[in-house]
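# Close look at the chain arrangement
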Amino acid sequence: MGDLICRYEQVKLRIKKAVDQVAGRQRPLLLAVSKKHGLDKIQQLVAAGQQDFGESYVQEGIAKIGQLQDLALIWHFIGPIQSNKAKQIAAHFAWVHSVDRLKVLKLLNQHRPNTAAPLNVLLQIKIGDEANKSGASYAEVMQLAAQAQQLEAINLRGLMCIPPASDDFEVQCQYLQQAKDVFDELAAKYPSVDTLSMGMSGDLAAAIHTGTTLVRVGTDIFGARELD
Ligand SMILES: *Cc1c(COP(=O)(O)O)cnc(C)c1O
């Protein structure tokens, strides 16, 4: 077994262990964050059973989607969205995790091709007070969620967050719980909401402890990023 598949299996094992520590916990979906990694690694992971991949850069992501279109993969856009890129994102990706303003939500709706299923959208909520992080406030998330109901080509699926980095499990859980509370409120209000995207290489166990439904893992699967 190569290094890549070995690391992949280890990540899956870590997820399983964290899930087993909480009675009744469902296993979260594992999103393999493939940004800055080549096609060969993605293909190896596909052969090992991985189907969902996350990309943060529009051009790089679209190139991979084109080259791997025969594999029936599910592509998630997880990076910051410039409004002039919304059209391309809406045309090529199945999921977008990083919607934090109305202008972008409307552009994604407007440019989603008629022939495609509605775009699965997660609203990015800002957790903690770091000024330079993207993400919407609680009040903005509630407004965006209400707006999303009016948009035919948008399927509101839930919430995403990138909390401030911390090595302390308890501190990680405190931040993650803030997003979980908002997620629960949205899910109670909107039947389509079923996905909470939180947990990365550094806070995987805390996110599962808190009740995430989707974890985004790059480095711990692929190793250090290498393209460009
Ligand atoms: C790059 C990225 C990840 C993966 O991060 P790692 O630390 O490499 O696991 C997860 N989520 C988002 C939004 C990212 O941009």
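Structure: above.
Residues numbered from 1 in each chain as written. Predicted model: local features only at pLDDT ≥ 70, side-chain atom pairs only at ≥ 80, totals over all residues. Heavy atoms only, no water.

In terms of helices and strands, the protein chain carries nine helices and eight strands. Taken over the C-alpha trace, the protein chain has a radius of gyration of 17 Å; the compact-globule value for 228 residues is 17 Å, and the two agree within 12%. Considering only contacts in the protein chain between residues 6 or more positions apart, those separated by 24 or more positions represent 59%. Here the protein chain displays about 11000 Å² of accessible surface, and carbon together with sulfur accounts for 49% of that area. Both charge centroids of the protein chain, one from 24 positive and one from 24 negative side chains, sit 4 Å from each other. (Helix = DSSP H or I, 4+ residues; strand = E, 2+ residues; numbered from the N terminus. Rg over C-alpha atoms; globule rule 2.2 N^0.38 Å. Contact = heavy atoms within 4.5 Å. Areas by Shrake-Rupley, 256 points an atom, 1.4 Å probe, with all protein chains shown as cover. Lys, Arg positive; Asp, Glu negative; His and termini not counted. Charge placed at Lys NZ, Arg CZ, Asp CG, Glu CD.)

This paragraph deals with the pairing of strand E2 (residues 52-55). The alternating pattern of E2 places Asp52 and Gly54 on one face and Phe53 and Glu55 on the opposite face, and all of these are buried. Direction of pairing for strand E1 (residues 29-33) relative to E2: parallel, over a ladder of two bridges. Bridge pairing in E2 links Ala32 to Phe53. Read from E1 through helix H2 (residues 39-47) to E2, the crossover connection turns out right-handed. When E2 meets strand E3 (residues 74-77), the two strands line up parallel, connected through four bridges. Paired with Gly54 across the bridge in E3 is His76. Crossover handedness for the path E2 to helix H3 (residues 58-67) to E3: right-handed. (Buried < 20%, exposed > 50% of the residue type's maximum accessible area, 1.4 Å probe, protein only. Pairing = 2+ DSSP bridges. Right-handed = clockwise from strand over helix to strand, strands pointing away.)

Turning our eyes to something else, we now look at the layout of surface pockets. By volume, the largest pocket amounts to about 390 Å³. If you trace the largest pocket, you find 21 residues lining it, with Lys35, Ser56, Ile78, Ile162 and Met200 closest to the centre. A per-class count over the lining of the largest pocket returns eight nonpolar, nine polar and four charged. By volume, the second largest pocket amounts to about 200 Å³. In terms of residue class, the lining of the second largest pocket is built from five nonpolar, three polar and three charged. (1 Å grid on protein atoms, 1.4 Å probe; cavity = no way out; pocket = protein on both sides within 12 Å on 5 of 7 lines; lining within 4 Å. Points joined across faces, edges and corners; volume = space filled by probe spheres on them. Nonpolar A, V, L, I, M, F, W, Y, C, P; charged D, E, K, R; others polar.)

These results come straight from atomic positions and should not be treated as a statement about function.
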